[in-house]
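# Structural overview
Below, each chain spelled out in residue letters.
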Amino acid sequence: MRAFVPDYELVTKGSLQETLKTLSQEPKIWKVFAGGTDLMVLFEAGKLKHHRFLNLAPFSELRKIQVEKDFVQIGSLCTYSDIQSHPVIQNEFPLLVRSGWVTGAKAIQNRGTIGGNIANASPAADTPPSLLAYGAQIELQSEKGSRILDYTQFHLEYKKTALLENEIISSVRIPRNQGWTHHYYRKVGTRAFQSISKVALSVAARVEADQVLNFHLGLASVAPFPMLALDLEKNILHQKLRLVDSEKVSQSFSNLLSPIDDVRSTAAYRKAVAKNLVAHLIEILGKPPGIYLES
Amino acid sequence: MQHKISFEVNGKPVTVEAHSMERLLDVLRESLHLTGTKEGCGEGECGACSVFLDGELVNSCLIPVSQVLNRKILTIEGLSKEGGLHPVQKSFLQHGGAQCGICTPGMVMAAVSLLEKNKNPSRDEIKEALAGNLCRCTGYMKIFDSVEKAVKP
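These remarks concern the structure in this document. (Residues numbered from 1 in each chain as written. Chains lettered and ligands numbered in written order. Predicted model: local features only at pLDDT ≥ 70, side-chain atom pairs only at ≥ 80, totals over all residues.)

## What about the overall build of chain B?
We apply this condition: Where helices and strands are cited, they refer to DSSP runs of H or I of at least four residues and of E of at least two residues respectively, numbered from the N terminus. What counts as a contact is two residues whose backbone-derived C-beta atoms lie within 7 Å of each other.
Broken down by element type, chain B carries five helices and five strands. In sequence order, chain B lays out its α and β elements as β-β-α-β-β-β-α-α-α-α. Summarising its shape, the C-alpha atoms of chain B cover approximately 50 × 30 × 25 Å along the three principal directions. Across chain B, every contact between residues at least 6 apart in sequence was considered, and the portion connecting residues at least 24 apart equals 56%.

Right, here's the structure in full:
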């Protein structure tokens, strides 16, 4: 059933600081609202439990992409389209561009924000695996100031995050110059666009002389929240690729996953596909440096 | 509580009385009687409600009206200039790009958005640009043809 519109309130304050102050003074009452591409779906379905929101959209200070020497800082209100069209992100972080490109379709990409994608904390979200793969940090801001957290520390349980009630996500920082040689992205869904993944992997690796020197694999839809495949990392890091037992490593990776049966797929299918993808990935890591994007 | 919210629609200033979370789609159709913009799924999947917000293609079903304060909206009604149809609209008419017509305004808006950025799109680029617009009648081929022939008649 549709929501009863007069029960809801979306308030725009005069400044970001004023917004943070209200959030601080009445933390249980208010939540923030950005592009609305997740919240409005719940609203229309009559499932949006929270009723009072503070509008972040007008605050352009949250919609900047800054290129620093050691990292690129992406404001939380940057849309998937903003990210896809930024030349430095295109050059250095193709996984992030790709995960923005497979999120919804153009009209969603023009509106949905990276901060919203993170805060919504869906296990199936498209950009979090790429942020994990590139070792992103996340900046959380409150009235009092801001703190930086490794993104790996942000998601705690299904839909539960380290964000405090008086905080907003203000930006993400992606470290530059990490020497990534291989970028691999694979989203398995029912179609290329407007589809929520059954399984998605985003991988950044540094391979030299057949040896894996650095490796991060971010996962979606096979665990209760976006996470790195740390066990696989252990099995691959500092190994000679030609000596890696692909069958064994991909099977042990798959065994550790905890996908669910739902309307989009079954747990068994997700495990089988994830295993096959990792076997394929190991093959790709043996190939010349490059950007390997498939969907 | 209702608020007065002012913005621009198809080049003209408007002020509506609305609840802050009312969907832009409903305000366009019910308060402003611009019924060219259609409701399909109501959850950002089908693209029937596509309009431009400050020149960018968006789903009006996912936008609370208070977020368009002082901004510019273009709907399908605003595409035609001086009584003449937009070239994309003409091409849809000429090449059978519409059947039941519910998806058509959204398809046209998505196609216009593409052609503003890319004057000579390939078939694949057309498919990608229209990927957020669903049609249950045409099977899409005549829609893709219509967009293609809008630039290469």
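Read on, since the account is not over.
## Considering the environment of Ile169 of chain A
All names here are of chain A. What counts is decided by this rule: Using C-beta atoms placed from the backbone, we call a residue buried if 20 or more other C-beta atoms fall within 10 Å of its own, exposed if 12 or fewer do, and partly exposed for counts in between.
Inspection of the secondary structure puts Ile169 in strand E10 (residues 168–175). Among the residues examined, Ile169 registers 27 C-beta atoms within 10 Å and is labelled buried. Here Ile169 is in contact with Ser76, Gly115, Ile118, Ala119, Ile138, Leu140 and Leu163, once residues within four sequence places are set aside.

## What to know about the interface of chain A and chain B
Note the following rule: When residues are grouped by polarity, Ala, Val, Leu, Ile, Met, Phe, Trp, Tyr, Cys and Pro land in nonpolar, Asp, Glu, Lys and Arg in charged, and all others, Gly among them, in polar.
Tallying the contact residues gives 25 residues for chain A and 24 residues for chain B. When residues of the side of chain A that touches chain B are traced back to their parent elements, those giving at least two are strand E1 (9–11), helix H2 (39–44) and helix H6 (106–109) of chain A. Here the element with the most residues in the side of chain A that touches chain B is H2 of chain A; it accounts for four residues. When its residues are assigned to classes, the side of chain A that touches chain B shows 14 nonpolar, seven polar and four charged.

## What to know about the sheet that holds E1 of chain A
By definition, the strands of a sheet pair up through backbone hydrogen bonds, in either a parallel or an antiparallel sense. All names here are of chain A. The condition is simple: When DSSP locates at least two bridges between a pair of strands, those strands are taken to pair. Axis lines are fitted to C-alpha atoms, over the contacting stretch for helices. Their N-to-C directions set the angle, which ranges from 0 to 180 degrees.
Strands sit in the order E1-E3-E2 across an open sheet of three strands; the sheet is parallel. This sheet does not close on itself; its edge strands, each paired only once, are E1 and strand E2 (31–33). Adjacent strand axes in the sheet meet at a mean angle of 40 degrees, parallel and antiparallel pairs treated alike. Sheet topology places E1 next to strand E3 (residues 52–55); three bridges connect them, and they run parallel. Considered in E3, the bridge of Leu10 is made with Phe53.

## Regarding helix H1 (residues 16–25) of chain A
All names here are of chain A. Threshold: This arc is built from the directions going out from the helix axis to the C-beta atoms.
Those residues of H1 that sit buried are Thr19, Leu20 and Leu23. The arc that holds every buried residue of H1, seen down its axis, measures 95 degrees, which confines them to one face. The exposed set on the far side of H1, more than 90 degrees from its buried face, consists of Gln17 and Gln25. Elements that come into contact with the buried residues of H1 comprise E2, E3, strand E6 (137–142) and E10.

## Observations concerning the pairing of strand E12 (residues 199–208) of chain A
Residues and elements named next belong to chain A. Burial analysis of E12 places eight of its 10 residues in the buried class, which makes it a mostly covered element. Alignment of strand E11 (residues 182–188) against E12, held across seven bridges, turns out to be antiparallel. Following the sheet pairing, Tyr185 is matched in E12 by Ser202. Where E12 meets strand E13 (residues 211–220), nine bridges bridge the pair, whose relative direction is antiparallel.

## Looking at unusual backbone geometry
Residues and elements named next belong to chain A. The residue Asn177 is not glycine, and still its phi comes out positive at about 55 degrees. Residue Asn177 is classed as exposed on the basis of its 9 C-beta neighbours within 10 Å. Residues other than glycine seldom take positive phi values, yet Ser221 does so here, at roughly 70 degrees. Topologically, Ser221 is positioned in the loop between E13 and strand E14 (227–228). For Ser221, a count of 29 C-beta atoms within 10 Å gives the class buried.

## Description of the nonpolar core
Generally speaking, soluble globular proteins have nonpolar side chains that are buried together. Test applied: Each nonpolar core comprises buried Ala, Val, Leu, Ile, Met, Phe, Trp, Tyr and Cys residues, the members being joined through C-beta atoms within 7 Å.
If you look at the biggest cluster of nonpolar residues, it comprises 121 residues, and the most contacted ones within it are Leu56 of chain A together with Ala111 of chain B. Those residues in contact with Leu56 of chain A that sit more than four places away from it in its chain are Thr19, Val32, Phe33, Ala34, Leu62, Leu77 and Ile168 of chain A.

## Details of the sheet that holds strand E15 (residues 290–294) of chain A
Residues and elements named next belong to chain A. Strands sit in the order E14-E13-E12-E11-E15 across an open sheet of five strands; the sheet is mixed. Two strands in the sheet have a free side with no partner beyond their single neighbour: E14 and E15. Pairing of E11 with E15 involves five bridges; the strand directions are parallel. Residue pairing across strands places Tyr184 opposite Tyr292, the latter belonging to E15. Helix H5 (residues 94–101) rests against E11, E12 and E15 of the sheet, and its axis sits at about 15 degrees to E11.

## Here's the deal with the environment of Arg270 of chain A
Residue and element names in this part refer to chain A. Topologically, Arg270 is positioned in helix H11 (residues 267–285). Residue Arg270 is classed as buried on the basis of its C-beta count, with 24 C-beta atoms lying within 10 Å. Expressed as a C-alpha distance, the spacing of Arg270 and Gly100, which sit 170 residues apart in the sequence, is 22 Å. In contact with Arg270, not counting residues within four places along its chain, are Lys198, Val199, Ser221, Val222, Pro259 and Ser265.

## A word on the packing of helix H3 (residues 104–117) of chain B against helix H5 (residues 141–151) of chain B
Residue and element names in this part refer to chain B. The condition that has to hold: The cut-offs work like this: below 35 degrees is roughly parallel, past 145 is roughly antiparallel, 65 to 115 is roughly perpendicular, and the gaps in between are oblique. In this scheme the crossing of two helices becomes right-handed for a clockwise turn of the near helix relative to the far one and left-handed for an anticlockwise turn of less than a right angle.
Where H3 contacts H5, the two axes come as close as 11 Å, and the packing angle between them is 40 degrees. What the angle tells us is that H3 and H5 run oblique. Between H3 and H5 the crossing geometry is right-handed. Of the residues in H5, those touching H3 at Met107, Ala111 and Leu115 are Ile143, Val147, Ala150 and Val151.

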